[in-house]
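Summary of structural features
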Amino acid sequence: MSEMTTEILEQNLGKMVIVRLKGGKGLRGRLKGFDQHLNLVLEETEDTTNVEDVKKLGLIIVRGDNVVLISPPPR
Amino acid sequence: MSEMTTEILEQNLGKMVIVRLKGGKGLRGRLKGFDQHLNLVLEETEDTTNVEDVKKLGLIIVRGDNVVLISPPPR
Amino acid sequence: MSEMTTEILEQNLGKMVIVRLKGGKGLRGRLKGFDQHLNLVLEETEDTTNVEDVKKLGLIIVRGDNVVLISPPPR
Amino acid sequence: MSEMTTEILEQNLGKMVIVRLKGGKGLRGRLKGFDQHLNLVLEETEDTTNVEDVKKLGLIIVRGDNVVLISPPPR
Amino acid sequence: MSEMTTEILEQNLGKMVIVRLKGGKGLRGRLKGFDQHLNLVLEETEDTTNVEDVKKLGLIIVRGDNVVLISPPPR
Amino acid sequence: MSEMTTEILEQNLGKMVIVRLKGGKGLRGRLKGFDQHLNLVLEETEDTTNVEDVKKLGLIIVRGDNVVLISPPPR
Amino acid sequence: MSEMTTEILEQNLGKMVIVRLKGGKGLRGRLKGFDQHLNLVLEETEDTTNVEDVKKLGLIIVRGDNVVLISPPPR
């Protein structure tokens, strides 16, 4: 993982991020932790795959190999 | 695996967790063990993929590479 | 593989287990052997994918990367 | 690969085995060789995917990562 | 990664690039960073998968194993 | 790769082989080279996926991870 | 990668090659660079997936794990 990736993720610890997973699932949650495989710990997570039916997931661990992209909130 | 992931999983040993697998399968079970690949041992497991037809699986070993996310129960 | 996984598999050597594979295939067989990749040796195996048409497979070797979950029989 | 897997495969050298591949393809052939990745050499192989239209393949090399399961003939 | 790949990516730091992902998703964004796995940091990113409905994503981290191709802008 | 695989491939250098790829594509070509990942160099290659519409590909390099099986010509 | 693969690719530097990707995408472009993972740099690239609608891509970097086959032009 590049230093920039680490830096961006560190700057966003405690902030809401959007995560897109393989297979089309979308998540929105507060970034609590991460590692170099992009394993993520999110809290207050919502499954936003179906925008008509957002589901609360709360605290979750995401296995990094499912991650397509991570998007910090706009500043 | 980050220390935080390990810590969260350790705090949830003996507690019910929800596991989402690749391909859409959903599981709910009591976390008995895990390792750094997210191989999991669950007991009292139910296959909750089809909420109309939950199936009892009992004690299971989940191969970690199938895991998308693990969600401890809300506190 | 965690020690617990090894322990559970060892306790079930010689017993019937249920194995779910990627792609939806289901197997039921007597666990004869395993290794740390979850490569399995099963005997008296049946392909239970289609419950209306269970097929006898007898002795088989399963390549571990196909395994989703392994379920020992209820006690 | 566990010693048992190696042992079973060695005992079946020169015998007909059934091989199931990812994607549903089925093969039947005489086991001539194998390695620890489950790369296989089969001869007198038939593609048995479509039981109404079995195709002769003769001598083949199978790349191990395609293998789901290997089944020696019933004794 | 070949030196040429690194060189091309370095020359395009700060410039708009087009990224095609596995599964058909298309992105357009300003290249801020990359590493040897082709993990990318893009800003002012747009999801261009559906040209009739381009979505703003802003700053994103792309996990490299999803990347099919990266295309710098025509000169 | 087992010695036997290497031996079979070496014996077939310069001969026509049939190659089945993941996703169902079929190739027929003269084996010019190979390595331990089953990366292949074929010449006079034809894409035989659609037997009604065989396409000439000529000299090609096949990335080994796409290979399902390789079949030397019947003797 | 075998020496022969490297040699063929080196001989084709600066020449038009055809690249087939996983998922069925086809590319045609001038080979500018490559590495041992078959990561490729192509220029004057066209997406030839749909022969009725060839799209100009210009200079691109292809991540090697998407490559199925590379075909130099007929001589």
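Up top is the structure these notes are about.
All figures in this text were calculated on a predicted structure; none of them were measured in a lab.

All names here are of chain E. Examined against the element boundaries, Q36 turns out to sit in the loop between β2 (26-34) and β3 (40-47). Along the chain, Q36 and T6 lie 30 residues apart, while their C-alpha atoms are 8.1 Å from each other. Here the side chain of Q36 touches H37 through a polar contact of 3.4 Å, side chain to side chain.

So, on to the relation of the copies chain C and chain B. The transform that puts chain C on chain B rotates by 51° and translates by 0.0 Å along the axis, for an RMSD of 0.0 Å. A low fraction, 11%, of the interface residues of chain C reappear at the interface in chain B, so the copies pair through non-equivalent surfaces.

Moving on to helix α1 (residues 3-11) of chain A. Because the α-helix completes a turn every 3.6 residues, residues three or four places apart line up on one side. Taken together, the buried positions of α1 of chain A are occupied by T5, I8 and L9 of chain A. Along the axis of α1 of chain A, the buried residues cluster in a sector spanning 95°; they form a single face.

Here the focus is the pairing of strand β5 (residues 67-71) of chain A. In terms of burial, β5 of chain A is largely enclosed, as five of its five residues are buried. Across four bridges, the pairing between strand β1 (residues 16-21) of chain A and β5 of chain A is antiparallel. The residue bridging R20 of chain A from the neighbouring strand is L69 of chain A, located in β5 of chain A. With two bridges connecting them, β5 of chain A and strand β4 (residues 55-62) of chain E associate as antiparallel partners.

Quick look at the interface of chain B and chain A now. Between chain B and chain A, the contact holds 19 residues from the first and 18 residues from the second. Here chain B packs against chain A, burying approximately 1,600 Å² in sum over the two surfaces, 60% of which is carbon and sulfur. The tally of links between chain B and chain A comes to two salt bridges. D65 of chain A is the partner of K22 of chain B in a salt bridge, and the nearest nitrogen-oxygen pair spans 2.7 Å. One can count eight residue pairs in polar contact (both at pLDDT 80 or more) joining chain B with chain A.

Put simply, the largest pocket is a space of about 860 Å³. For the largest pocket, the lining is made up of 36 residues, of which K25 and L57 of chain C together with I18, R20 and S71 of chain D are closest to its centre. Here the lining of the largest pocket takes five residues from strand β4 (residues 55-62) of chain C, the largest share from any one element. Along the lines of polarity and charge, the residues of the lining of the largest pocket split into 12 nonpolar, 13 polar and 11 charged.

Here we take up the relation of the copies chain B and chain A. Turning chain B through 51° and shifting it by 0.0 Å along the axis lays it on chain A, with an RMSD of 0.0 Å. In this assembly the copies use different faces: only 5% of the residues contributing to the interface of chain B also contribute to that of chain A.

Turning our attention to the side chain of D47 of chain F. Checked against the element boundaries, D47 of chain F lands in strand β3 (residues 40-47). Taking the relative accessible area as the measure of exposure, D47 of chain F reaches 5% and is therefore buried. Among the polar contacts listed, one links the side chain of D47 of chain F to the side chain of T49 of chain F, at a separation of 2.5 Å. Discounting chain neighbours no more than four positions away, the residues touching D47 of chain F are K25, G26, L27, D53, V54, K55 and L57 of chain F together with R20 of chain G.

Before going further, it helps to spend a moment on the environment of E46 of chain G. Residue and element names in this part refer to chain G. Structurally, E46 can be placed in strand β3 (residues 40-47). Relative accessible area serves as the criterion here: at 18%, E46 is assigned to the buried category. For the pair E46 and K56, spaced 10 residues apart in the sequence, the C-alpha separation amounts to 4.5 Å. Beyond its immediate sequence surroundings of up to four residues, E46 is in contact with G26, L27, R28, V54, K55, K56 and L57. A polar side-chain atom of E46 sits 3.3 Å from a polar atom in the side chain of K56.

Across the contact, 19 residues belong to chain C and 19 residues belong to chain B. In this assembly, chain C packs against chain B so that about 1,600 Å² is buried in total across both faces, 60% of it on carbon and sulfur atoms. For the pair chain C and chain B, the number of links is nine residue pairs in polar contact (both at pLDDT 80 or more). Of all elements in the fold, only α1 (3-11) and β5 (67-71) of chain C reach the threshold of two or more residues within the side of chain C that touches chain B. Among the residues forming the side of chain C that touches chain B, the class breakdown is 10 nonpolar, five polar and four charged.

Enumeration over the complete set of coordinates arrives at 56 salt bridges over all chains. A salt bridge links E46 of chain A to R28 of chain A; the nearest nitrogen and oxygen atoms lie 2.7 Å apart. Residue E46 of chain A is found in strand β3 (residues 40-47), and its partner R28 of chain A is found in strand β2 (residues 26-34); the two are separated by 18 residues along the sequence. Residue classification places R28 of chain A among the partly exposed positions, given a relative accessible area of 34%. Each member of the salt-bridge network shares a partner with another, and the members are R20 of chain A together with K25 and D47 of chain E.

Reading the values: rules and limits
- Residues numbered from 1 in each chain as written.
- Chains lettered and ligands numbered in written order.
- Predicted model: local features only at pLDDT ≥ 70, side-chain atom pairs only at ≥ 80, totals over all residues.
- Heavy atoms only, no water.
- Helix = DSSP H or I, 4+ residues; strand = E, 2+ residues; numbered from the N terminus.
- Polar contact = N/O pair within 3.5 Å; in protein donor to acceptor, adjacent residues only side chain to side chain.
- Least-squares fit on C-alpha atoms with pLDDT ≥ 70 in both.
- Contact = heavy atoms within 4.5 Å.
- Buried < 20%, exposed > 50% of the residue type's maximum accessible area, 1.4 Å probe, protein only.
- Arc of directions from axis to C-beta.
- Pairing = 2+ DSSP bridges.
- Buried area = accessible area lost by both parts, 1.4 Å probe.
- Salt bridge = Lys/Arg side-chain N within 4 Å of Asp/Glu carboxyl O.
- 1 Å grid on protein atoms, 1.4 Å probe; cavity = no way out; pocket = protein on both sides within 12 Å on 5 of 7 lines; lining within 4 Å.
- Points joined across faces, edges and corners; volume = space filled by probe spheres on them.
- Nonpolar A, V, L, I, M, F, W, Y, C, P; charged D, E, K, R; others polar.

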